[in-house]
Amino acid sequence: MTRRLRVLHAPTNTGGNPAALARAERALGLDSLALAWRAPRLGPPPDRVIFRDGETQLGHELRRLRTLVDALRCCDVVHFNFGESFYPPAPPFDEPRDGTARQLARRLFRRYLRLLALRDLPLLRRAGKGIVVTYQGSDARQDDVCAERFAINHLLVNRPAPPEVDRTKRAAIAAFDRYADRIFALNPDLLHVLPARAEFLPYASVDPRAWRPEPTAQTARGPLRLVHAPSRRHTKGTELVLAALRDAAAAGAAFEVDLVEGVPHAEVRARFARADLAIDQLLLGWYGGVAVELMALAVPVVAFIRDGDL
């Protein structure tokens, strides 16, 4: 009997995409598992959470090491998500020094991360493991490239990050380009900063068999019900959306606005189902995973789609 291919999705469950991929792969007969370091505050959970609440940083790091060892022993393919390996790049900045023991510990931990950043990739390669990486947004998106190439971008309402942030992203992308068998992006604007061999993939976070329209949930009468669900206001263009809606209301338009933030995933779905129209992101040039959920519920969605990336 042929052994099933063993696939591990790690180390985040950003947008629920890794866990949904793992479920679909299991349905196809693969031995697939999605894990994340921490349980998400919102959104669907992964198959397994590694770090435990109340555990020390040393405990976290021992679990991180054990996860890498398990992957080396047991997996055939490791599918990294959000552009991170088990040992992701450290933040490019140290906090200001204030001489406290806590501050010293943080600085030492950053140095530890920088020492080990992405060093697990060559280990997995030498062990003969397949390596896949999927980029999902800010893990690859670079402010200098956005400012140079796109007239409409998130910098219209946000200050650019220091140059070190973009340089850190480019170094991490180069490491994955060296070791990964396949590179994917869920947003086509990311292909401008990823290696030429990178491929676009649509969101896999929504199973249309599980997200079905509920016609009776939508408003049968009364004002138009608009929904906007920003995971991050500064990238969704939320302030621009709200300003436009205030102008429309002042001009006499009749509608209700449901701003969905910080809400458990089960409640999000019920509120989405009652919407007549959704407004998704307006600055990034593509739709988000939330738009897929809404469209699966037969709710039309407004989003800014950059023509050049179609």
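Everything discussed here concerns the structure shown above.
Bear in mind the structure is a predicted one, so any value in this text is a computation, not a measurement.

Bringing the overall build of the protein chain into the picture now. Assigned secondary structure in the protein chain consists of ten helices and eleven strands. The C-alpha radius of gyration of the protein chain comes to 21 Å, within 12% of the 19 Å expected for a compact globule of 310 residues. In terms of principal-axis extent, the alpha carbons of the protein chain reach across some 65 × 60 × 45 Å. Residues classed as buried in the protein chain amount to 45% of the 310 residues present. Considering only contacts within the protein chain whose residues lie at least 6 apart along the sequence, 64% involve residues at least 24 apart. Only carbon and sulfur atoms are counted for the fraction: they give 57% of the accessible area of the protein chain, which is about 16,400 Å².

What follows deals with the state of the cysteines. Within this structure, the stated rule accounts for zero disulfides. Not engaged in a disulfide, the cysteine C74 finds its nearest cysteine sulfur in C75; these two sulfurs lie 6.4 Å apart. In this structure C74 comes out as partly exposed when scored by relative accessible area, which is 33%. For C75, a relative accessible area of 10% translates into the label buried.

Turning our eyes to something else, we now look at a nonpolar patch on the surface. On the surface, I152, L156, V157 and L240 cluster together into a nonpolar patch covering about 330 Å² of accessible area. Note that I152 resides in the loop between α5 (143-149) and α6 (163-179).

Trans peptide bonds make up the majority, and among non-glycine residues the majority have a negative phi. The step from A10 to P11 runs through a cis peptide bond, and the omega angle for that step is -10°. One non-glycine residue, F82, adopts positive backbone phi at about 55°. Here F82 is to be found in the loop between β4 (77-81) and α3 (101-116). Here the phi dihedral of L118 falls at roughly 65°; this positive angle occurs in a residue that is not glycine. Note on placement: L118 falls in the loop between α3 and α4 (120-126).

With that settled, the discussion passes to helix α1 (residues 17-27). Of all the residues in α1, the buried ones are N17, P18, A19, A20, A22 and E25. In this structure, the buried side of α1 is in contact with β1 (6-10), β2 (31-36) and β4. At the C-terminal side of α1, G29 shows a positive phi close to 105°.

Moving on to the sheet that holds β2. Strand order across the open sheet formed by seven strands is β3-β2-β1-β4-β5-β6-β7, with parallel pairing between neighbours. If you trace the sheet from one side to the other, it starts and ends with β3 (48-49) and β7 (199-200), each paired once. Looking at chain direction, β1 and β2 are connected through four bridges and run parallel. Counted as the bridge partner of V7 is S32 from β2. Packed onto the sheet, α1 meets β1, β2 and β4 and runs at close to 165° relative to β2.

Here we come to the packing of aromatic side chains. Under the counting rule described, the total for this entry stands at nine aromatic pairs. Aromatic pair Y203 and Y287: ring centres 5.7 Å apart, planes at 55°, arrangement tilted. Placement of the pair is Y203 in the loop between β7 and β8 (224-228) and Y287 in the loop between β10 (277-279) and α10 (289-296), with a sequence separation of 84 residues. Both residues of the pair, Y203 and Y287, count as buried. A connected cluster of aromatic rings, assembled from ring pairs, spans W37, F51, F80, F86, Y135 and F176. Stacked on the ring of W37, the Lys or Arg R64 has its end atom at 5.0 Å from the ring centre. Lying across the ring of Y87, R64 places its NZ or CZ 5.6 Å from the centre.

Procedures and definitions
- Residues numbered from 1 in each chain as written.
- Predicted model: local features only at pLDDT ≥ 70, side-chain atom pairs only at ≥ 80, totals over all residues.
- Heavy atoms only, no water.
- Helix = DSSP H or I, 4+ residues; strand = E, 2+ residues; numbered from the N terminus.
- Rg over C-alpha atoms; globule rule 2.2 N^0.38 Å.
- Buried < 20%, exposed > 50% of the residue type's maximum accessible area, 1.4 Å probe, protein only.
- Contact = heavy atoms within 4.5 Å.
- Areas by Shrake-Rupley, 256 points an atom, 1.4 Å probe, with all protein chains shown as cover.
- Disulfide = S-S within 2.5 Å.
- Patch = residues over 30% accessible without salt bridge, like charges linked within 9 Å, V, L, I, M, F, W, Y side chains within 5 Å.
- Salt bridge = Lys/Arg side-chain N within 4 Å of Asp/Glu carboxyl O.
- Pairing = 2+ DSSP bridges.
- Axes fitted to C-alpha atoms, helices over the stretch in contact; angles between N-to-C directions.
- Phe/Tyr/Trp six-rings, centres within 6.5 Å; stacked < 30°, edge-to-face > 60°.
- Lys NZ or Arg CZ within 6 Å of the ring centre and 35° of its normal.

So far we have only geometry, and geometry alone does not tell us how the molecule works.
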